[in-house]
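Structural characterization, general
Next come the chains, spelled out residue by residue.
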Number of protein chains: 2
Amino acid sequence: MERDRKERYEEVCQEVHVHEDVVNFVTGEMPEEETLYDLAELFKVFGDTTRIKILYVLFESDMCVCDIAAALNMGQSAISHQLRVLKQAQLIKSRRDGKQVIYSLADDHVRTIINNGMEHIME
Amino acid sequence: MERDRKERYEEVCQEVHVHEDVVNFVTGEMPEEETLYDLAELFKVFGDTTRIKILYVLFESDMCVCDIAAALNMGQSAISHQLRVLKQAQLIKSRRDGKQVIYSLADDHVRTIINNGMEHIME
DNA sequence: CTTTCATATGAATGATTGTTCATATGTTCA
DNA sequence: TGAACATATGAACAATCATTCATATGAAAG
């Protein structure tokens, strides 16, 4: 089984050297484990070039799956799989129009988040 | 070798059905391939619970590696590896203080990006 | 109802990634 | 100089993930 974290930790950094007051303070300020997990999951969705591209084309226009695939020069199946991921993260929504399914951005958070990321890499 | 994308695409969606005008418009508005790649790489860094936690503790206080490991209840090596990733993405910086290395946030973009993500998952 | 078309989905595969273990580097203090 | 300590790093492994292929679903038109 897995050894206790604390035990392994002490093999490297002696307990006495840890600044317990600082450690206790920062852990007290941290959000719930589940919240942090959800946050990481959200960013993970933005962490793929294909999905970023899909969001970018949807910035300009609502589109059906085939057109997105054509715009990104990728297979229909690959796009469909990624649309599912984006939809589950509630970043996009879909409506049916005859034989086609039209995808669009769910809300403006998406633009905000991407623009903030852009600002950072442009620094 | 890999078959041509267009060829494969046409096996599923006939060329004639693609809305070429829309496709041409949205692709024209897209940033450089390299920019999109960098953007995805940036979000990938935020897409891990351990790294999110590290950033959260650094919101509260500059800290040495051992204290971060203690705060997150993880091994020193795991933290050190992730600190490297965060530093390469220029989200954090470090300074030496005797035997210890103190890590701190690089700038306020980090807070902004995380707060935007938080807003989305709290909707 | 049957064919055609657009999209969705499941399994398989190759690539990427986070953590661990072992060890190296570099600093301080005796 | 050498011992002790904090951090960094490389290799290995398990887990996760994006894409592909094959096929299923579901709508529309004949």
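Here's what I pulled together on the structure shown here. What you see is a predicted model; the values in this text were computed from it and never measured. (Residues numbered from 1 in each chain as written. Chains lettered and ligands numbered in written order. Predicted model: local features only at pLDDT ≥ 70, side-chain atom pairs only at ≥ 80, totals over all residues. Heavy atoms only, no water.)

A tally of regular secondary structure across chain A gives seven helices and three strands. By the burial criterion, 44% of the 123 residues in chain A qualify as buried. Sequence separation of 24 or more characterises 48% of the internal contacts of chain A that already satisfy a separation of 6 or more. Looking at chain A as shown, the accessible area adds up to about 6800 Å², and 45% of this sits on carbon and sulfur atoms. (Helix = DSSP H or I, 4+ residues; strand = E, 2+ residues; numbered from the N terminus. Buried < 20%, exposed > 50% of the residue type's maximum accessible area, 1.4 Å probe, protein only. Contact = heavy atoms within 4.5 Å. Areas by Shrake-Rupley, 256 points an atom, 1.4 Å probe, with all protein chains shown as cover.)

On to the interface of chain B and chain A. Listed as interface residues are 65 residues of chain B and, on the opposing side, 66 residues of chain A. A buried area of about 5400 Å², summed over both sides, lies between chain B and chain A, and 72% of it is on carbon and sulfur atoms. At the boundary of chain B with chain A, the tally comes to two salt bridges. A:Glu33 is the salt-bridge partner of B:Lys53, the closest N and O atoms lying 3.1 Å from each other. Viewed at the interface, chain A and chain B are joined by six residue pairs in polar contact (both at pLDDT 80 or more). Breaking the side of chain B that touches chain A down by element, the ones donating at least two residues are α1 (5–12), α2 (20–28), α3 (33–46), α4 (49–60), β1 (63–64), α5 (65–72) and α7 (109–122) of chain B. Each residue belonging to the side of chain B that touches chain A can be placed in one class, and the counts come to 35 nonpolar, 17 polar and 13 charged. (Buried area = accessible area lost by both parts, 1.4 Å probe. Salt bridge = Lys/Arg side-chain N within 4 Å of Asp/Glu carboxyl O. Polar contact = N/O pair within 3.5 Å; in protein donor to acceptor, adjacent residues only side chain to side chain. Nonpolar A, V, L, I, M, F, W, Y, C, P; charged D, E, K, R; others polar.)

What follows is about the pairing of strand β2 (residues 92–97) of chain A. All names here are of chain A. As paired elements, β2 and strand β3 (residues 100–105) share six bridges and run antiparallel to each other. Each bridged residue has a counterpart across the sheet, and for Lys93 the counterpart in β3 is Ser104. Where β2 folds back on β3, the antiparallel hairpin that results is connected by two residues, among which Gly98 adopts a positive phi of roughly 65°. (Pairing = 2+ DSSP bridges.)

It is worth spelling out the sheet that holds β1(B) at this point. Judged by pairing direction, the sheet is antiparallel, and its three strands sit side by side in the order β1-β3-β2 (chain B) without closing on themselves. Edge strands, defined here as strands with exactly one partner in the open sheet, are β1 and β2 (92–97) of chain B.

So, about unusual backbone geometry. Peptide bonds are mostly trans, and most non-glycine residues show a negative phi. Residue and element names in this part refer to chain A. Unlike most non-glycine residues, Asn73 shows phi in positive territory, near 55°. Following the sequence through the fold, Asn73 ends up in the loop between α5 (65–72) and α6 (76–88). A relative accessible area of 46% means that Asn73 is categorised as partly exposed.

Moving on to the relation of the copies chain B and chain A. Least-squares fitting of chain B to chain A yields an RMSD of 0.0 Å, with the superposition described by an axial translation of 0.0 Å and a rotation of 180°. The relationship between the two copies is best expressed as a two-fold rotation axis. (Least-squares fit on C-alpha atoms with pLDDT ≥ 70 in both.)

This part is about the pattern of salt bridges. Residues and elements named next belong to chain B. With the rule as written, the count across this model stands at eight salt bridges over all chains. The shortest N-O distance in the salt bridge between Glu41 and Lys44 comes to 3.0 Å. With Glu41 and Lys44 both in helix α3 and three residues apart, the pair spans about one turn of that helix. The exposure class assigned to Glu41 is partly exposed, which follows from its relative accessible area of 29%. When its relative accessible area of 41% is taken as the criterion, Lys44 is described as partly exposed.

Next up on the list: the sheet that holds β3(A). All names here are of chain A. Sheet architecture is open: three strands sit in the order β1-β3-β2, paired in antiparallel fashion. Edge positions in the open sheet fall to β1 (63–64) and β2, since each of these has one partner strand only. On top of the sheet, helix α4 (residues 49–60) reaches β1, β2 and β3; it is set at about 90° to β3, its chief contact. (Axes fitted to C-alpha atoms, helices over the stretch in contact; angles between N-to-C directions.)

Overall, the coordinates contain five aromatic pairs over all chains when judged by the stated rule. Here the aromatic residues A:Phe43, A:Phe46, B:Phe43 and B:Phe46 are joined through ring pairs into a cluster of three or more. (Phe/Tyr/Trp six-rings, centres within 6.5 Å; stacked < 30°, edge-to-face > 60°.)

This part takes up the nonpolar core. By size, the foremost hydrophobic cluster in this structure holds 73 residues, and its most contacted members are A:Phe46, A:Ile68, B:Phe46 and B:Ile68. Here B:Phe46 is in contact with A:Ala40, A:Phe43, B:Ile52, B:Leu55, B:Leu91, B:Val110, B:Ile113 and B:Ile114, once residues within four sequence places are set aside. (Core = buried A, V, L, I, M, F, W, Y, C linked by side-chain atoms within 4.5 Å.)

A word on the environment of B:Glu60. Inspection of the secondary structure puts B:Glu60 in helix α4. B:Glu60 sits 47 residues away from B:Asp107 along the chain, and the two C-alpha atoms are 14 Å apart. Contacts of B:Glu60, omitting those with residues within four sequence positions, involve A:Phe25, A:Val26 and A:Glu29.

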